Structures are given as structure tokens and as C-alpha cells.
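# Per-entry structural report
Here are the chains, one letter per residue:
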Amino acid sequence: MIKLLYHLGIHLYGWTLQLAAAFHPKAKKWVKGRKAWKVSLKNNLPLKSQWMWIHCASLGEFEQARNLIEYVKNDHPEIGILLSFFSPSGYEIRKNYAHADHICYLPLDTARNARSFIDIVKPSLVFFVKYELWINYLNELERRNIPTILLSARLREKSSFFNSPLATLYKRIFRSFYMIFTQDEITKQLIQNFSGTENVQVSSDTRYDRVLANKDAFQEIPEIQRFKRGRLCIIAGSSWPKGEELLMQAFEELSKEEDICLILAPHEIRESRISAWELKYPNQSRRFSQIAELKDTDSILWIDNIGMLSRLYHYGDIAYVGGGWGTGLHNILEAATFGCPVLIGPIHDKFPEAGEMMEAGGCFEVKDIHTMKSQLKRLLESAELRASINRINKDFIAERSGATEMVISWMKEKEFIS
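Residues numbered from 1 in each chain as written. Predicted model: local features only at pLDDT ≥ 70, side-chain atom pairs only at ≥ 80, totals over all residues. Heavy atoms only, no water.

## What about the overall build of the chain?
Across its full length, the chain carries 20 helices and 14 strands. Expected size for 418 residues packed as a compact globule is a radius of gyration near 22 Å; at 23 Å, the chain falls within 12% of this value. Its C-alpha atoms give the chain principal-axis dimensions of about 65 × 45 × 45 Å. Among the 418 residues that make up the chain, the fraction classed as buried is 55%. Relative to all contacts within the chain whose residues are 6 or more apart in sequence, the contacts with residues 24 or more apart total 66%. Summed over its atoms, the accessible surface of the chain is roughly 19,200 Å², and 51% of this surface lies on carbon and sulfur atoms. (Helix = DSSP H or I, 4+ residues; strand = E, 2+ residues; numbered from the N terminus. Rg over C-alpha atoms; globule rule 2.2 N^0.38 Å. Buried < 20%, exposed > 50% of the residue type's maximum accessible area, 1.4 Å probe, protein only. Contact = heavy atoms within 4.5 Å. Areas by Shrake-Rupley, 256 points an atom, 1.4 Å probe, with all protein chains shown as cover.)

Here it is, written out as C-alpha cells:
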């Protein structure tokens, strides 16, 4: 009965997206990307003697798996890397990623699709990232005795896996994993107590390794250096309207007292939003696409492209990271790895790294215009405070790194790679 409920739910989900595709751009991409997927996979999958399949929900999960992918591809080029995404926001940005041999959408999790997909790919090793648990795919992988690993898992006690009508199915799914690598001890204990499996290790979060790798591979952006020209710089990463409103208001007041500049990289690049702000600050605003026309009066720069954010934090003296007003906090580790003091909105309880960084003294909560302005002011006025936080945040990242190396060592021990 429970299996039937899941199967009906999956089909209903697919039908709903089919209907939504007529008027919702993201749903349209989701549906279009899976059209004739069997033919596409058969015709475009390169010939490899061995395939490693990594599945990610979206872009954040991809970043968690990226160091592992690149290690395997660089050291074992004979192994084919199949990278699948569930969400268009992940696939569209990484569909041309050079370290994967094939990149595709994951077909809807029906039993038939799972059998066909695995028949075509024939993976010898599979990684699912964080908590992307598709029951039919995982059942089929277990049935074929294909080792499947859950990477960088993190769950809370209130997780739907433990408390939904499908809990008995998920209990079996957790037991089906060859190994589960968790971000923390809490997740390990939750999974073991729930499912009874002993195949769980704490590895920390592979995102720490990823942001360190981004920092090590940093490449200058001369246009940003030219815009900054020695001024103290605030970087707003993955910003949303609520945070932008408070930040712009605080910046307007503080810029009367300090020689500062502001760079905003919105989570969603919408012409209407950027244009509205340009109209409000016509003599200060510039888009990165128009950087050739930069003027000395420009103090606000809008990043109207995708893929530059992780490098931007190198130029920041202070970072504000968006999503903390209800949409879901974005990656504060990208800013911290460069030593930036980090400001975030008040909703972050689902992101333990935020609480840990706040406790360490490198991250600060803003709730309204008064706290936004006061936090920015004290950071802008004290070079000593900024230098202290720079050390705190760099140490915070370094102390938590090493998860990818642990997973690779385990893979060698189990002889999945040499």
C-alpha cells in the first residue's frame, strides 16, 4: 500500500509539471529536458569501460560533489563520469561542465525509468548527494548489487524521511546504501537510530573543500579591481529583494560618511529589479556588462552574469549573503574562505554552518535597517576588527576541510579506485 502511494505520488508529480510547463518557465525546462531521454542517452553516452554516476538535485549539491568528480577524472580518466541533475537551475548552469563525460536530467523516478536508465548507463559505482533519495532508482541499484554511496548527508530530527507516511520505505533505503558519509555526528546518529544501518561515517561537509579549491584557483578580475580602486567594498552575494532594500538604504546613508562601494550579485538576474535600482541611483550605478563605460562617480555595481560570485568575495571587505529572509540561506562559506566578515538575514536555523560561524565570531545576523546599518558601520570603521574576523573565518574553513580526502581514501581502501 505504501509503495503504491509513492508510485501514485510520483506520477501525479510528473503530470503536474506537464501542466505547469505551459505557463511556468522552470517547469517547461524540467519537462523539455526529459523529452525522449532514452534516445538521447543511448545516442550521446560515450563508450567507456566503466561508469561512475553522480546525481545532484541542483547546483549546491553539485558543488559538494565537484572536488570528488575532478579528482577521479584527473587521476582516472578511463572512468566515465555521468552527472545527472533533478533541477533545471543545476543542469542549465553546469550542462557544459568539462570534467563530466555526460550530463543529463534524471528521468522521473518511476520503476520503468529506473530500470531503463540503469540498463543504458550500467554504472559500477553511484553517488547520491546530500538527501536526494529517489526510491525506485535506489531500489533498482540495490537489486543489481551496484554500490551506492550517499555523500555529505545532513538531516534534522524533523526531516520528512523520518516522519512521513513513507518512513518505512526510507528506512529500507538508508539500509541499502553501501556507505553514507554525513556532515555531522547528529546526522549519523539519526540515520543509525532510524534505519539500524552501521554503514555510516562522519566526514564533514565537502563544501569546505570546494570553497578552498575555489580560493586556490582564484583568477583576478581586472574590471572589479578597477571599479573598487582602493575603496572599502561590500559584496552582496545571491541577494534577494528584502536584503537588497535594507542594504541599499544602509549603503546610501553610510556612503555619506565613508569612501565605500557596493557590488551586488543577485540570485536571480531580473531586468526589472536592476532597472528600478538604476533609476533610483542613476549617477552611481553600473552593470558589469557596461563596465567599459565606468565613471569615477560609480559606487554601485550590478553583476548581470552567472558564475562570477565565488571570485568576487576576494575583493570584499564585508559580505552580505542573501536568502536569510525565508528563501533559504545561500553559501556563506564562499565568502568566509576569503576571510570576509559575513552578514546574513534572521532565518538560518536549517544551516548549521551559520550558527557555528556566528559562535566563532565571523558571521552576524541582521534583522532590520538598524541592525544592517550598525553592523556595517562597526565593520567599516575598524580595520583591526576586520583583520581579526578575516583570521577567524579562514581558520573556520580550514579546520572543517578534508571530507573529500576521507571519501577518496575510503574508495581506495575498498578498491573502487587505485
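## Structural notes on the packing of aromatic side chains
Under the counting rule described, the total for this entry stands at 25 aromatic pairs. Considering the side-chain rings of Tyr 13 and Phe 86, the 6.2 Å spacing of their centres and the 25° angle between planes classify their relative orientation as stacked. On the criterion of sequence distance, the pair formed by Tyr 13 in helix H1 (residues 2-20) and Phe 86 in the loop between strand E2 (79-85) and helix H5 (88-94) is long-range, its members being 73 residues apart. On the basis of relative accessible area, Phe 86 is assigned to the buried category, the value being 15%. Judged by centre distance (6.3 Å) and plane angle (20°), the ring pair of Trp 277 and Tyr 281 falls under stacked. Residue Trp 277 is classed as buried on the basis of its relative accessible area of 12%. Taking the relative accessible area as the measure of exposure, Tyr 281 reaches 6% and is therefore buried. Every member of this aromatic cluster is reached through a ring pair, and the members are Trp 37, Trp 53, Phe 117, Phe 128 and Tyr 137. Lying over the aromatic face of Phe 86, Arg 34 brings its terminal NZ or CZ to 5.3 Å of the ring centre. (Phe/Tyr/Trp six-rings, centres within 6.5 Å; stacked < 30°, edge-to-face > 60°. Lys NZ or Arg CZ within 6 Å of the ring centre and 35° of its normal.)

## Things to note about the side chain of Glu 61
Looking at where Glu 61 falls in the secondary structure, it is placed in helix H4 (residues 59-75). In this structure Glu 61 is buried but unpaired, with Lys 130 as the nearest side chain of opposite charge at 4.8 Å. In this structure Glu 61 touches Cys 56, Val 129 and Lys 130, once residues within four positions along its chain are discounted. (Lys, Arg positive; Asp, Glu negative; His and termini not counted. Salt bridge = Lys/Arg side-chain N within 4 Å of Asp/Glu carboxyl O.)

## Here's the deal with the nonpolar core
Ranked by size, the top nonpolar core spans 49 residues in total, and within it Trp 53, Phe 117, Phe 128, Tyr 170 and Phe 174 carry the most contacts. The contacts of Phe 117, once residues within four sequence positions are left out, are Trp 37, Leu 41, Trp 53, Leu 82, Cys 104, Leu 106, Pro 107 and Tyr 137. Phe 218, Ile 303, Leu 329 and Ile 332 belong to the second largest nonpolar core, which has 37 residues in total. (Core = buried A, V, L, I, M, F, W, Y, C linked by side-chain atoms within 4.5 Å.)

## Here's the deal with the pattern of salt bridges
A complete count under the given rule lists 28 salt bridges for this structure. Note that Asp 119 is salt-bridged to Arg 144, the shortest N-O span being 2.7 Å. Within this pair, whereas Asp 119 is found in helix H6 (residues 111-121), its partner Arg 144 is found in the loop between helix H7 (135-143) and strand E5 (148-153), the two being separated by 25 residues in sequence. Between Glu 253 and Lys 373 there is a salt bridge whose closest N-O contact spans 2.6 Å. Of the two residues, Glu 253 is situated in helix H13 (residues 241-254) and Lys 373 in helix H18 (residues 369-381); the sequence distance between them amounts to 120 residues. Residue Lys 373 is classed as partly exposed on the basis of its relative accessible area, which comes to 25%.

## Points about the pairing of strand E6 (residues 179-182)
Every regular strand shows the same layout, with side chains that alternate between the two sheet faces. Burial along E6 is two-sided: Met 179 and Phe 181 and Ile 180 and Thr 182, pointing in opposite directions, are all buried. Pairing analysis gives 3 bridges linking E5 to E6, with the strands arranged parallel. Residue pairing across strands places Ala 153 opposite Thr 182, the latter belonging to E6. You can see the chain leave E6, run along helix H10 (residues 185-195) and come back into strand E7 (residues 200-202), and the turn it takes is right-handed. (Pairing = 2+ DSSP bridges. Right-handed = clockwise from strand over helix to strand, strands pointing away.)

## Structural notes on the sheet that holds E2
Pairing is parallel in the open sheet, where 7 strands are placed in the order E3-E2-E1-E4-E5-E6-E7. Both edges of this open sheet fall to strand E3 (102-105) and E7, since each of them pairs with a single strand only. Neighbour to neighbour, the strand axes of the sheet diverge by 20° on average, direction disregarded. Note that strand E4 (residues 125-129) and E5 share 4 bridges and pair parallel. Bridge pairing links Val 126 to Thr 148 in E5. (Axes fitted to C-alpha atoms, helices over the stretch in contact; angles between N-to-C directions.)

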